[in-house]
Amino acid sequence: MNRRDALAVLIGLSAALSFAFDTSAHGEEDRLAIKGYDPVAYFTEAKPMIGDPQYQYELDGALYRFASTRHLDLFKADPDRYLPQHQNWCTAALSRGYRVVADPNNWVIHEGRLYVFGGPAGPGKFAADPVAMVGNADANYPRVSELPELPRQ
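Residues numbered from 1 in each chain as written. Predicted model: local features only at pLDDT ≥ 70, side-chain atom pairs only at ≥ 80, totals over all residues. Heavy atoms only, no water.

A few words now on the side chain of asparagine 106. With respect to the element layout, asparagine 106 can be found in strand β3 (residues 103–110). Setting aside chain neighbours within four positions, we find asparagine 106 in contact with Tyr115, Val116, Phe117, Gly118, Gly119, Pro120 and Pro123. (Helix = DSSP H or I, 4+ residues; strand = E, 2+ residues; numbered from the N terminus. Contact = heavy atoms within 4.5 Å.)

The following block contains the structure:
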């Protein structure tokens, strides 16, 4: 093999490795639940907390991160108690038939369930009529992939 062929092989391998690492990182990022925030912290600390990758747990294809071993253990013992409703989607937008990725800093716990919203107005809108919002969001959630994104205003 001459130098030019060897260089071409090295460039090809480098590109392939770069692509593999890039897609691996994006694959994990795409599966990351609530942008890596700890779902248990909303209940135990009454605030959002970023989870640590060393305390990570996979459930139904989503990766959940936790701030501590204690939070991870609480989640494993009763995941349904801590799971965000509607996964990574804004409950308010879903209730209106739109798809918006939730911002974990906008949240509310209602009747023991965690709801996350796309913006700071979400919790206030939720408080105005939680029964209707949850009912509409629950009805739209099964077809979330078909819903349009909320138009920017």
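Here helix α3 (residues 69–77) has its buried residues at His71, Leu72 and Phe75. In a view along the axis of α3, the buried residues occupy a sector of 100 degrees, so they form one face of it. Residues Arg70 and Ala77 are exposed on α3 and point more than 90 degrees away from its buried face. Elements in contact with the buried residues of α3: α2 (41–44), β1 (52–59), β2 (62–66) and α4 (79–82). (Buried < 20%, exposed > 50% of the residue type's maximum accessible area, 1.4 Å probe, protein only. Arc of directions from axis to C-beta.)

The subject of this paragraph is the nonpolar core. Generally speaking, soluble globular proteins have nonpolar side chains that are buried together. Grouped together as the largest cluster of nonpolar side chains are 17 residues, with contacts concentrated most on Ile34, Tyr64, Phe66 and Phe75. Elements with a contribution of two residues or more to this core: β1, β2, α3 and β4 (113–117). Apart from residues no more than four positions distant in its own chain, isoleucine 34 is found in contact with Pro39, Tyr42, Pro84, Gln87, Asn88, Pro104 and Val116. Ala92, Ala93, Met133 and Val134 belong to the second largest nonpolar core, which has eight residues in total. (Core = buried A, V, L, I, M, F, W, Y, C linked by side-chain atoms within 4.5 Å.)

Before going further, it helps to examine the pairing of β4. For β4, the buried fraction is high: four of the five residues fall into the buried class. Sheet topology places β3 next to β4; five bridges connect them, and they run antiparallel. Pairing of histidine 110 across the sheet is with arginine 113, part of β4. Hairpin connection between β3 and β4: a loop of two residues separates the two successive antiparallel strands, and glutamate 111 in this loop has a positive phi of roughly 50 degrees. (Pairing = 2+ DSSP bridges.)

With that settled, consider the packing of aromatic side chains. One pass over the full model with this rule turns up seven aromatic pairs. Seen from their ring centres, tyrosine 115 and phenylalanine 126 are 5.0 Å apart, and the 35 degrees between their planes marks the pair as tilted. Here tyrosine 115 is found in strand β4, whereas its partner phenylalanine 126 is found in helix α6 (residues 122–128), with eleven residues between them in sequence. Note on accessibility: tyrosine 115 and phenylalanine 126 belong to one class, buried. Ring centres of phenylalanine 117 and phenylalanine 126 lie 5.7 Å apart, and the angle between their planes is 65 degrees; this geometry places the pair in the edge-to-face category. Assigned by exposure class, phenylalanine 117 and phenylalanine 126 land together as buried. Of the aromatic side chains, those joined through ring pairs into one cluster are Tyr57, Tyr64, Phe66 and Phe75. (Phe/Tyr/Trp six-rings, centres within 6.5 Å; stacked < 30°, edge-to-face > 60°.)

Our focus in this paragraph is helix α7 (residues 130–140). Three or more residues of α7 are buried, namely Pro130, Met133, Val134, Ala137 and Asn140. The buried side chains of α7 occupy one side of the element, clustering within an arc of 135 degrees when seen end-on. In α7, the exposed positions that point more than 90 degrees away from the buried face belong to Val131 and Ala139. Contacts from the buried residues of α7 go to α5 (91–95), β3, β4 and α6.

This part is about the layout of surface pockets. By volume, the largest pocket amounts to about 290 Å³. Lining the largest pocket are ten residues, with Arg99, Val100, Leu150, Pro151 and Arg152 positioned closest to its centre. Split into classes, the residues belonging to the lining of the largest pocket amount to five nonpolar, one polar and four charged. In this structure, the second largest pocket occupies an estimated 170 Å³ of space. Cys90, Gly118, Gly119, Lys125 and Leu150 are the residues nearest the centre of the second largest pocket, which is lined by 13 residues in total. (1 Å grid on protein atoms, 1.4 Å probe; cavity = no way out; pocket = protein on both sides within 12 Å on 5 of 7 lines; lining within 4 Å. Points joined across faces, edges and corners; volume = space filled by probe spheres on them. Nonpolar A, V, L, I, M, F, W, Y, C, P; charged D, E, K, R; others polar.)

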